[in-house]
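# Analysis of the macromolecular model
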Amino acid sequence: MNENNLPPSPSHEVSRRRFFERLSLVLSGVAGAGLAAPVVGFIVGPLFRRVQLVWRPVGEVDSFKVGETVAVRFEAPSPETWAGVSARTAAWLRRETDTRFTAFAINCTHLGCPVRWLPQAELFMCPCHGGVYYRDGTVAAGPPPRPLVRYPVRLVGTEVQVQAGPIPIT
């Protein structure tokens, strides 16, 4: 009741109701933005993070035979602390001459499936979608759009090292 003992006018109730409606909308928007910020950061963050290229040792020079292609395993360039075994990756390494090596990613350039080396045919094969690569990594058949990704290789003393980095598959 106001000073004339009359009930409050409906305009006061409407404006108060409108105030609380707007307040609840603003608070809901702030809460929604607070919840969305980590999700957006999770999605957009990797686009701005640079993965450093690192040299990983894969074995001694004498442990590889000239003309032979073998799988070598090493740690990924930027493993997460929680990655465990999945932080390990591999490459196909061929010793071309006494001092020259070639390394290919094990991932097919079609959808990233692991490829196998078939020594009798001298071909890399992707069992998932029928991708076939020649021994030099170029596409022989199937859906792969590009040759196998090559890793740079260097010799440091008697050790063979592969430069690991992210693998583009699309």
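Right, let's walk through the structure included here. If you're wondering where the values come from, they're calculated on a predicted model, not measured in any experiment. (Residues numbered from 1 in each chain as written. Predicted model: local features only at pLDDT ≥ 70, side-chain atom pairs only at ≥ 80, totals over all residues. Heavy atoms only, no water.)

## Description of the sheet that holds strand β11 (residues 159-164)
The test is simple: Strand pairing is assigned whenever DSSP detects at least two bridges linking the two strands. Working definition: helices are DSSP H or I runs of at least four residues, strands are E runs of at least two. Numbering for both runs from the N terminus. In this analysis an axis means a line fitted to C-alpha atoms, helices contributing only their contacting stretch, and an angle means the value between N-to-C directions, from 0 to 180 degrees.
Strand order in this open sheet of 3 strands is β1-β11-β10, and the pairing throughout is antiparallel. For this open sheet the edge positions go to β1 (54-60) and β10 (153-156), each flanked by a neighbour on one side alone. Geometrically, the sheet is characterised by an average inter-axis angle of 35° between neighbouring strands, direction not taken into account.

## So, the pairing of strand β4 (residues 101-105)
Our working rule: The classification of residues rests on relative accessible area computed with a 1.4 Å probe and restricted to protein chains. Under 20% of the type maximum is buried, over 50% is exposed, and intermediate values are partly exposed.
The buried count for β4 comes to 5 of 5 residues, which makes it a mostly enclosed element. Burial of β4 is two-sided: the residues Phe101, Ala103 and Ala105 facing one way and the residues Thr102 and Phe104 facing the other way are all buried. When strand β3 (residues 88-95) meets β4, the two strands line up antiparallel, connected through 5 bridges. Bridging from a neighbouring strand, Arg94 pairs with Thr102 of β4. In textbook terms, the turn of a hairpin is the stretch between consecutive antiparallel strands, and for β3 and β4 this stretch comprises 5 residues.

## Points about the state of the cysteines
Definition in use: In what follows, a disulfide is any cysteine sulfur pair within 2.5 Å.
Tallying each qualifying case throughout the model produces 0 disulfides. Among the cysteines around Cys126, which has no disulfide bond, Cys108 carries the closest sulfur, lying 4.0 Å off.

## Topic: the nonpolar core
Here is the rule we go by: What makes a nonpolar core is a set of buried Ala, Val, Leu, Ile, Met, Phe, Trp, Tyr and Cys residues whose side-chain atoms join them at distances within 4.5 Å. Here, residues are in contact when the closest pair of their heavy atoms is within 4.5 Å.
Counting 15 residues, the largest nonpolar core has Val58, Phe74, Leu93, Tyr151 and Val160 as the members making the most contacts within it. Here Phe74 is in contact with Arg56, Pro57, Val58, Ala87, Arg88, Thr89, Ala90, Ala91, Tyr151, Val162 and Ala164, once residues within four sequence places are set aside. Membership of the second largest hydrophobic core comes to 12 residues, among which are Trp92, Cys108, Cys113 and Trp117.

## Focus: the sheet that holds strand β2 (residues 69-75)
With respect to topology, 4 strands assemble into an open sheet ordered β2-β3-β4-β9, the strand pairing being antiparallel. Each edge of the open sheet is held by one strand with a lone partner, namely β2 and β9 (150-151). Where β4 meets β9, 2 bridges bridge the pair, whose relative direction is antiparallel. From the neighbouring strand, Ala103 faces β9, where its bridge partner is Tyr151.

## So, the pattern of salt bridges
Selection criterion: The salt bridge criterion pairs a side-chain nitrogen of Lys or Arg with a carboxyl oxygen of Asp or Glu, the two atoms within 4 Å.
As enumerated under the stated definition, the model contains 3 salt bridges in all. A salt bridge links Arg94 to Glu96; its shortest N-O distance comes to 3.3 Å. Judged by relative accessible area, which is 2%, Arg94 ranks as buried. Across the pair Glu122 and Arg135 runs a salt bridge, and its minimum N-O distance is 3.4 Å. With Glu122 in the loop between β5 (116-118) and β6 (123-125) and Arg135 in the loop between β7 (132-134) and β8 (139-141), this pair connects stretches of sequence that are 13 residues apart.

Function-wise, these values are silent; they only describe arrangement.
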